[in-house]
Amino acid sequence: SPLLPSSYRPSLHKPPRIATRGPFAPTRASAAANPAKTALITGASTGIGAQTALRLPAVLPRLEHLVLAARDTPRVEAVAAAVRAAFGIRVDMVPLELGRVAAVRESAEMAGEVLGGEPLDLLVNNAGVMACPMMFSDDGVELQYAVNHLGAAALTLALLPALRASKTGARVV
């Protein structure tokens, strides 16, 4: 990539570097504005989802429980281990396949069990597919639309009771 130096190698083995100065540095005001204690991130096995998982605890100082949801369980386990090592918070994993509504419901039930009745303060709907060949989901919907739109909406609706239970005002991103 022309934006990154040729020596850049992303690693889940090193704790993330968090800005300590400048516009991206956590502040008391940002901590007060983000009182979330529980969060769920979809697509947390690679890319933006993994990086969000690695950086979210630094900007949400009250975060106690992070749930990572994705299809690729071994990669999610690596991300979870890195978050635990860097921040020492509770991290759980939930398998998630957004291409089938029944699978989304199962994942939402599993997430509810993992939360154990805790309210969900933050849901980051990051998972998605892009530029895939014309394929259809098991539900008969074009795959990209099923995963990127219907799956995320179905997950959000299934987690709505946990989101509504948030005392801090839940956020869906």
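These lines cover the structure that appears in this document, whether it is placed above or below. All residue numbers refer to positions counted from 1 along the written sequence of the respective chain. pLDDT decides what is reported in this predicted model: residues at 70 or higher carry local features, side-chain atom pairs at 80 or more are listed and counted, and totals for whole chains, interfaces and linings draw on all residues regardless. Hydrogens and water molecules were not included; the side-chain quantities draw on all heavy atoms of the structure.

## Here's the deal with the sheet that holds strand S2 (residues 65-70)
Two strands pair under a simple rule: DSSP has to find at least two bridges between them. In DSSP terms, a helix is any run of H or I states spanning at least four residues, a strand is any run of E spanning at least two, and both are numbered starting from the N terminus. Strand order in the open sheet formed by five strands is S3-S2-S1-S4-S5, and the pairing between neighbours is parallel. The sheet is open, and its two borders are formed by strand S3 (90-95) and strand S5 (171-172), each paired with just one other strand. Here strand S1 (residues 38-42) runs beside strand S4 (residues 122-124); their pairing, made up of three bridges, is parallel. For Ile41, the partnering residue across the bridge sits in S4 and is Val124. In this fold helix H2 (residues 47-59) packs onto S1, S2 and S4, with an angle of close to 160 degrees to the strand it touches most, S1. In what follows, a contact means two residues having at least one pair of non-hydrogen atoms within 4.5 Å. Angular values range over 0 to 180 degrees, each being the angle between N-to-C directions of two axes fitted as lines to C-alpha atoms, with helices fitted over their stretch in contact. Contacts from helix H3 (residues 73-87) reach S2 and S3 within the one sheet, and its direction differs from that of S3 by about 170 degrees.

## Considerations on the pairing of S3
With six bridges joining them, S2 and S3 adopt parallel strand pairing. The residue bridging Leu68 from the neighbouring strand is Met93, located in S3. With the strands pointing away from the viewer, any crossover whose connection runs clockwise from the first strand over the helix to the second is right-handed. This β-α-β element, S2 to H3 to S3, shows right-handed connectivity.

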